[in-house]
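# Per-entry structural report
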Amino acid sequence: MALGQPPLSWPAALFLALPLLLWLLDGAPGTREAFRLGWCAGAGYFAASLFWIVEPFLVDAPRHGWMAPFALLGMAGGLALFWAAPFALARRLWRGDGGGAVILACLWTLSEYLRSIVLTGFPWGLTAYAWVETPVIQAAALVGPHGLGFLTLLAGLLAGLASRRGLALAALLVASGWGYGAWQLSRPLASRDPPVILRIVQPDAEQQAKWVPEKQMEFYRRLLAETAAPGDPPPDVAIWPETAVPFVLGYSDDRLPEIAAAGPQSRTILGIRRLDARDGREDWFNSLVVLDPEGIPRAVYDKHHLVPFGEYIPLAGAIAQLGIPALTTLTAQGFRPGPGPHLVSVPGLPPFLPLICYEAIFPQGLRAPEGRADWLVQVTNDAWFGEVSGPYQHLAQARVRAIEQGLPLARAANTGISAMIDPRGRVTERLGLGVIGHFDAPLPPALPPTPYSRMGDLPVLAALILICGLTVLKFWNGVFRRTPR
């Protein structure tokens, strides 16, 4: 199943794995064995698809490298519990027919939804992302990643019934999704009038050297040089990646006019650290700022969905008391979360919803209280994720966010992959990993609000809960009928 995730993106692998899992579950003698089966399958899947999680610990290997294997094993084993529970419960309700496949698909999807929200959530590696290189992914605009994940699991499990009816239903589900997606992709996009030209800048500042004093100004000069390159037509805005500059907003603001004057564009969007020091307290924020042509900050957004153990340490006080030097260092650092998502509206630019790095993996986090955005902006530093799979998976999730919302997404990544993504998730321009450069791209227009952007996951969750409830009632009704009075 992990072969379905980028960069390989082989959805056919799911239709080999899911029938096998159904066969193994059918042969499990009880719930304990089913729990073990689900846990082993999940542990294998998450270890294989999330092995990039060791990369952040290898950036400073002498201090943190020892934690890498524990991080991978701990994450894979913990996330596997979200597979083990539905397998055990499905086996309890099992009837060995098509109904068994349906209830497993329902319970599995509900558990994956819980994985997306419990303890701040981690919806990385959802089943639906296996379709990202096919037209089927367009169905995310209708039912979101969890709805598409349910339909995928259902099709794969029905294919495992080894019956004509099961195979026919599985083929019908895949063909319907493929046909809908092909129709959507065949529809032309209108052009934006007047056009808005974006310049995405990528400095390729490797993480090991990003904060080395003698390297900081080199990376900063790269950003200025790429921003100053001539463009025809001149870009309207330059977008720099997450924590693009070595200085702190509010403490080195003499640099901001230099940034604004670097190129022909009228606005600059960049990631920057922000320090709020008041009442004897220092709060750090991972922020995005919009500069006007004079270098004056016209809007500031603070990242609100922080990375556990990366940008803050849960239960930091308790962990610090363990006295482990490496952990004590980590708990002494960290960012404060911002108040939540909100639109950024400044003169000269269509209103946009900012996303800083990890925030783009959460489909439920793209609703701003001010209303619908006209486009999405993601600034990120994927240098933490290595070069094998992490950056490709992160980009794929950003593409799905664009599809779900029907909005174009501009993505500036420190070391790549930077991209311009249209509202159907197609990459129109990109800079690969390890490239210093920029590209200019027109901002595609937004599509009308999609069903998923209007209703979110609620319809899918309600349908799944209803199916599970009816199944449980049927199960208990059968138990009572079999019990002698």
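Reading guide: rules and limits
Residues numbered from 1 in each chain as written. Predicted model: local features only at pLDDT ≥ 70, side-chain atom pairs only at ≥ 80, totals over all residues. Heavy atoms only, no water. Core = buried A, V, L, I, M, F, W, Y, C linked by side-chain atoms within 4.5 Å. Buried < 20%, exposed > 50% of the residue type's maximum accessible area, 1.4 Å probe, protein only. Contact = heavy atoms within 4.5 Å. Phe/Tyr/Trp six-rings, centres within 6.5 Å; stacked < 30°, edge-to-face > 60°. Lys NZ or Arg CZ within 6 Å of the ring centre and 35° of its normal. Patch = residues over 30% accessible without salt bridge, like charges linked within 9 Å, V, L, I, M, F, W, Y side chains within 5 Å. Areas by Shrake-Rupley, 256 points an atom, 1.4 Å probe, with all protein chains shown as cover. Salt bridge = Lys/Arg side-chain N within 4 Å of Asp/Glu carboxyl O. Axes fitted to C-alpha atoms, helices over the stretch in contact; angles between N-to-C directions. Helix = DSSP H or I, 4+ residues; strand = E, 2+ residues; numbered from the N terminus. Left-handed = near helix turned anticlockwise from the far one by under 90°. Nonpolar A, V, L, I, M, F, W, Y, C, P; charged D, E, K, R; others polar. Pairing = 2+ DSSP bridges. Expected span 1.5 Å × (residues − 1).

So, about the nonpolar core. With 79 residues, the main nonpolar core has Met1, Trp108, Ile239, Ile269, Leu288 and Trp375 as its most contacted residues. Excluding residues that lie within four positions of it along the chain, Ile269 makes contacts with Val237, Ala238, Ile239, Trp240, Leu288, Val289, Val290, Leu349, Phe352, Trp375 and Val377. Counting residues in each nonpolar core, the second largest holds 17 residues, with Leu249, Leu270, Val289 and Leu291 among its members.

Another point: the packing of aromatic side chains. On inspection of all chains with the given rule, the structure shows 16 aromatic pairs. Linked through ring pairs, Trp52, Phe122, Trp124, Tyr358, Phe362 and Phe385 together constitute an aromatic cluster. The ring of Trp211 has Lys210 lying over it, and the distance from NZ or CZ to the ring centre is 5.2 Å. Over the ring of Phe285 we find Arg274, and its NZ or CZ is 4.4 Å from the ring centre.

Residues Leu114, Ile117, Val118 and Leu119 make up a contiguous nonpolar surface patch of about 370 Å² in total accessible area. Residue classification places Val118 among the partly exposed positions, given a relative accessible area of 38%.

Looking now at the packing of helix H1 (residues 14-27) against helix H7 (residues 140-159). Close contact between H1 and H7 brings their axes to 7 Å; oriented N to C, the two are set at 65°. In the crossing of H1 with H7, the sense of the turn from one axis to the other is right-handed. Between H1 and H7, the residues in contact are Leu14, Phe15, Leu18, Pro19 and Leu22 and Thr152, Leu153, Ala155, Gly156, Leu157 and Ala159, respectively. Of the residues in the contact of H1 with H7, the class split is 9 nonpolar, 2 polar and no charged.

Below, the discussion takes up the pairing of strand S10 (residues 418-421). Neither face of S10 is exposed, since Ser418 and Met420 on one face and Ala419 and Ile421 on the opposite face are all buried. The sheet contact formed by strand S9 (residues 409-413) and S10 spans 3 bridges and is antiparallel. Considered in S10, the bridge of Arg411 is made with Ala419. From the end of S9 to the start of S10, which pair antiparallel, there are 4 residues, and Gly416 there has a positive phi angle of about 105°. The pairing of S10 with strand S11 (residues 427-431) spans 4 bridges and is classified as antiparallel. Paired with Ile421 across the strands is Val427, a residue of S11. Here S10 hands over to S11 after 5 residues, with Gly425 in that stretch at a positive phi of 80°.

The α-helix advances 3.6 residues per turn, and as a result positions three or four apart in sequence lie on the same side. The first and last C-alpha atoms of helix H9 (residues 213-228) sit 24 Å apart over 16 residues, in line with the 22 Å expected at 1.5 Å per residue. Of all the positions in H9, only Gln216, Phe219, Tyr220, Arg222, Leu223, Leu224, Glu226 and Thr227 are classed as buried. Looking at the buried positions of H9, the neighbouring elements they touch are strand S1 (197-202), strand S2 (237-239), helix H10 (256-260) and strand S12 (437-442).

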